[in-house]
Structures are given as structure tokens and as C-alpha cells.
Amino acid sequence: MPDPITYLACPLCGAPLLRKAGSLYCGGARRHCYDVAGSGYVNLLPPGKKNNAKAGDDREMLRSRSRFLADGWYDPISETAARLGALTAGAGGEIVFADAGCGEGYHTCRIARLLGAEACAGIGIDAAKSGAAAGAKLAWAMGLAPCLQFVAGNIFAMPLADRSVDLVYSIFAPIAGEEARRILKKGGALIVASAGKAHLWEMRCLLYGTPRVGGGVQMPPGFSTVKKETLSYEMHLPDQRTVASLFAMTPFFYRCPREGRERLLAQEQLAVRVEVDFTVLVRSHG
């Protein structure tokens, strides 16, 4: 089983990180040292850049995500992501992947399990320390800690070595295209999961009346698209608590009219469509 620590790099000098007791340190001239938290995650946000953590989901959003995801509503998303990753990486051999903007790590853990924990190494990176900590705890609970490492870090300056991973996942997260190109091995792929045009359409209608049609995320330069696929299915949310949990984990939670919020949260149940566009990209030559 590959050790995910071996793919990490010091965010200050870029030297490889080594494990020693409860810390990670680099072999650079200044031997930078990073303590591993009790939960198992490590903070690799460089000094002076800790405000990057504000870009991550806050604690309440992460709790809502955890409640909702634990009930399996979004499991087809990680199942599709893992299947596309396995098809892209090919049969046999070890698979090293990074989940850039992993949130609380639910999809990261499920992808590792579906790819085969004994033959993969995964690194979950999120700007929110609370997200990285939640991911590490979930990995321990699922028996995946040996093959997964969660870090608090900047996805636009990922603490990973050049050409070190086979797959980079971007699941409902900002797309760090330049960094993905840097850390991907030759033949590796960036797999993007983004909201489709009809994603959560019924919720959006309740919130906004006549919402704008979404979808159409712009892919980063330096890549060629090799596969596109849309996942679409309907969820039947059974109660107000589940509706509220889904709402709180979406960006609509922070930017919707008060009357729309009240209308949605009054729903005792809700049928809502999930539509996710998957795009598999490989590095262009050059």
C-alpha cells in the first residue's frame, strides 16, 4: 500500500516531507516542521497565508454536508468519480490521487474505498482546517487512514511534488488547473464534477422564483477533454431537516432572498433533481 505522505512537499521550500513521530519535516536547509493533529490531518498552509482558510466552507456548512452526505444522497457522485478515475488510470498498479477542495472528505474517502484502499493513496486538500480534520476523522472511522492523508492547504499552491499523482479531482470546487498540470504524472487526468443546468432545479425555483439556468463551467487551459458524462437522478427528501441540510451545504444558503429561504424551509418534503457534469481532461502537449 503506498504511503500518501511520500507525495507531499513542503509548502515553503518544496522539499519532500518525511514522517517522524507526530510531525512531518522536510529535508530542506531549514528543516521546516509541521505537527500532525490528533485527528490525523496536518496544516500545510504556509505562515502568512492562513487567511486562505477563509475560502473554505465554514463549520456549519461542513456539519450540514456531513449530515446530508452520511445518508447517501450524493453517493452516485463519488461512484461516478471513482469509476471514471479507474477507467482513466487503467487496470493494475497503484493509483495516487489528490482531491483538490475536498471539504469534509466524504467523497475522498468513498473514492479511495471504491478504487481499492490496498492499491491507492489519496491526499485530500482543503483551505478549511475544520474540513481537513473532519476528513481525517472519517478516514479513521472507515479504516482508510493508512491510504489517505488530509491536509489544510491552498489548492492553488498544493503541497505536492511535481508529477506525483495519477488523478486530480475537483468536485464542486474551484478548478486549480495550473497546479493540476504541475502535479499530474504523464498520462494523468484532471476529473471535474460541476453542477449541471438542472442541478437542484426545484430548490432553486423555490428560492428564486425564476432562477437562471446554470451549468457550463469553463475548463482550464492547458488540457484536452477526453470524456464528458452527465449524472442525473431524482432525490425524494423526506423531511424538513433533510431539506435544510441540503440547503445549508449549497452556495444558495448565503445569497438568496429571505422570502425564498422561508418558502424552501417550510417544505415538509421535496423532490429535487441532481445533475452533475463530469469532464475528464488530460494535459495538452507543451
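For the structure itself, look to the data block above.
A short note on the overall build of the protein
Along the protein, the regular secondary structure elements total eight helices and 11 strands. Against the 2.2 N^0.38 benchmark of 19 Å for 286 residues, the protein shows a C-alpha radius of gyration of 19 Å, consistent with a compact globule. C-alpha atoms of the protein, sized along the principal axes, occupy 60 × 40 × 35 Å. Counting all 286 residues of the protein, 53% fall into the buried class. Put simply, 72% of the contacts in the protein that link residues at least 6 apart link residues at least 24 apart. When the accessible area of the protein is evaluated, it comes to approximately 13,200 Å², of which 52% is carbon and sulfur surface.

Topic: the sheet that holds strand 10 (residues 223-237)
Across the sheet, which stays open at both edges, the eight strands sit in the order 4-7-6-5-8-9-11-10 with mixed pairing between neighbours. Of all the strands in the sheet, just strand 4 (42-43) and strand 10 have a single pairing partner and so form its edges. Of the strand pairs in this sheet, strand 6 (residues 120-126) and strand 7 (residues 148-152) are connected by five bridges, and their pairing is parallel. Following the sheet pairing, Gly122 is matched in strand 7 by Leu148. Set on the sheet, helix 4 (residues 129-141) makes contact with strand 4 and strand 7; between it and strand 7 the angle comes to about 165°.

A closer look at the packing of helix 6 (residues 201-208) against helix 8 (residues 258-265)
Helix-helix packing is described using two parameters, namely the angle between the two axes and the distance between the axes. Helix 8 packs onto helix 6 with a crossing angle of 130° between their chain directions and a minimal axis gap of 6 Å. Classed by the angle they form, the pair helix 6 and helix 8 counts as oblique. In this structure, helix 6 contributes Met203, Leu206 and Leu207 to the contact, and helix 8 contributes Gly260, Arg261, Arg263 and Leu264. For the contact of helix 6 with helix 8, the per-class residue count stands at four nonpolar, one polar and two charged.

Regarding the packing of aromatic side chains
In total, this model carries seven aromatic pairs according to the counting rule given. Here the aromatic rings of Tyr74 and Phe172 are separated by 6.3 Å at their centres, their planes lie at 50°, and the arrangement is tilted. Of the two residues, Tyr74 is situated in the loop between helix 1 (59-70) and helix 2 (75-89) and Phe172 in the loop between strand 8 (165-171) and helix 5 (177-183); the sequence distance between them amounts to 98 residues. The partly exposed category is assigned to Phe172, whose relative accessible area is 35%. An angle of 85° between the planes, with centres 5.1 Å apart, marks the rings of Phe253 and Tyr254 as edge-to-face. Grouping aromatic residues by their ring pairs yields a cluster made of Phe68, Trp73, Tyr74 and Phe172. The lysine or arginine in question, Arg261, covers the ring of Phe253, its NZ or CZ lying 4.8 Å from the ring centre.

Here's the deal with the layout of surface pockets
Rolled over the atoms, a probe as big as a water molecule pinpoints where empty space is left. The computed volume of the second largest pocket comes to approximately 210 Å³. Around the second largest pocket, the lining is made up of 15 residues, and of these Gly40, Trp140, Ala145, Leu148 and Gln149 lie nearest the centre. Among the secondary structure elements, those contributing two or more residues to the lining of the second largest pocket are helix 4 and strand 7. Of the residues contributing to the lining of the second largest pocket, the split by class is 10 nonpolar, three polar and two charged.

Section: the environment of Tyr74
Take Tyr74: its relative accessible area is 3%, and that puts it in the buried class. Beyond its immediate chain neighbours, meaning those up to four positions away, Tyr74 contacts Phe68, Leu69, His107, Phe172, His199, Leu200, Tyr233, Met235, Leu246, Met249 and Val274.

So, how was this worked out
Residues numbered from 1 in each chain as written. Predicted model: local features only at pLDDT ≥ 70, side-chain atom pairs only at ≥ 80, totals over all residues. Heavy atoms only, no water. Helix = DSSP H or I, 4+ residues; strand = E, 2+ residues; numbered from the N terminus. Rg over C-alpha atoms; globule rule 2.2 N^0.38 Å. Buried < 20%, exposed > 50% of the residue type's maximum accessible area, 1.4 Å probe, protein only. Contact = heavy atoms within 4.5 Å. Areas by Shrake-Rupley, 256 points an atom, 1.4 Å probe, with all protein chains shown as cover. Pairing = 2+ DSSP bridges. Axes fitted to C-alpha atoms, helices over the stretch in contact; angles between N-to-C directions. Parallel < 35°, antiparallel > 145°, perpendicular 65-115°, else oblique. Nonpolar A, V, L, I, M, F, W, Y, C, P; charged D, E, K, R; others polar. Phe/Tyr/Trp six-rings, centres within 6.5 Å; stacked < 30°, edge-to-face > 60°. Lys NZ or Arg CZ within 6 Å of the ring centre and 35° of its normal. 1 Å grid on protein atoms, 1.4 Å probe; cavity = no way out; pocket = protein on both sides within 12 Å on 5 of 7 lines; lining within 4 Å. Points joined across faces, edges and corners; volume = space filled by probe spheres on them.

Don't take any of this as a statement about function, it's just geometry.
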